[in-house]
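Residues per chain, in single letters:
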Amino acid sequence: MSSLRSLYLRWCCQVQDFGLKHLLALGSLRLLSLAGCPLLTTTGLSGLVQLQELEELELTNCPGATPELFKYFSQHLPRCLVIE
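First, a word on what this report is: a plain description of the structure on this page.

Scoring rules and cut-offs
- Residues numbered from 1 in each chain as written.
- Predicted model: local features only at pLDDT ≥ 70, side-chain atom pairs only at ≥ 80, totals over all residues.
- Heavy atoms only, no water.
- Helix = DSSP H or I, 4+ residues; strand = E, 2+ residues; numbered from the N terminus.
- Buried < 20%, exposed > 50% of the residue type's maximum accessible area, 1.4 Å probe, protein only.
- Contact = heavy atoms within 4.5 Å.
- Polar contact = N/O pair within 3.5 Å; in protein donor to acceptor, adjacent residues only side chain to side chain.
- Salt bridge = Lys/Arg side-chain N within 4 Å of Asp/Glu carboxyl O.

What about the environment of C80?
Okay, step 1: On the secondary structure map, C80 appears in the loop between α3 (67–76) and β4 (81–83).
Okay, step 2: On the basis of relative accessibility, which here comes to 11%, the residue C80 falls in the buried class.
Okay, step 3: Here the alpha-carbon distance between C80 and Q52, two residues 28 residues apart in the chain, equals 8.5 Å.
Okay, step 4: Among all residues touching C80, those that are not within four sequence positions of it are L54, E55, E56 and L57.

Points about the side chain of S33
Okay, step 1: Mapped onto the secondary structure, S33 falls in strand β2 (residues 31–33).
Okay, step 2: Owing to a relative accessible area of 1%, S33 belongs among the buried residues under this scheme.
Okay, step 3: At 2.7 Å, the side chain of S33 forms a polar contact with the side chain of E58.
Okay, step 4: When residues no more than four places from it in sequence are discounted, the contact partners of S33 are L7, Y8, L9, R10 and E58.

Some details on the pattern of salt bridges
Where charged atoms from two side chains of opposite charge approach closely, those side chains can pair.
Okay, step 1: Enumeration over the complete set of coordinates arrives at 2 salt bridges.
Okay, step 2: Its salt-bridge partner being R10, residue E58 comes within 3.0 Å of it at the nearest N-O pair. Taken together, the residues E58 in strand β3 (residues 56–58) and R10 in the loop between β1 (6–8) and α1 (17–23) connect sequence positions 48 residues apart.
Okay, step 3: Judged by its relative accessible area of 14%, E58 is buried.
Okay, step 4: Residue R30 is joined to E55 by a salt bridge in which the shortest nitrogen-to-oxygen separation is 3.9 Å. Here E55 lies in the loop between α2 (42–46) and β3 and R30 lies in the loop between α1 and β2, a separation of 25 residues in the sequence.
Okay, step 5: A relative accessible area of 46% places E55 in the partly exposed class.

A short note on unusual backbone geometry
Okay, step 1: We note that W11 has phi near 55 degrees; this positive angle belongs to a residue other than glycine.
Okay, step 2: Mapped onto the secondary structure, W11 falls in the loop between β1 and α1.
Okay, step 3: Judged by relative accessible area, W11 falls into the exposed class, the value being 55%.
Okay, step 4: A positive phi angle, close to 60 degrees, is found at N61, a residue other than glycine.

It is worth stressing that arrangement in space is one thing and function is another; only the former is reported here.
Next comes the structure, spelled out in structure tokens:
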């Protein structure tokens, strides 16, 4: 999966922070949708800044996606469109 560019995990109610750690190895990932994943925390989501090639990150209806997190992403992933 080293060449995976898009991953949609929308409304996957079992995705947790631990699972996000495995996504960090996907260096070619450009689009990631985590919309509606209720178990993700701000701490877990903040680790996504390691995906420096990310161009689009969808976090709609994610309880862990706080205004502070969006500000953090804008500072650390400036080329990434973060969809609130």
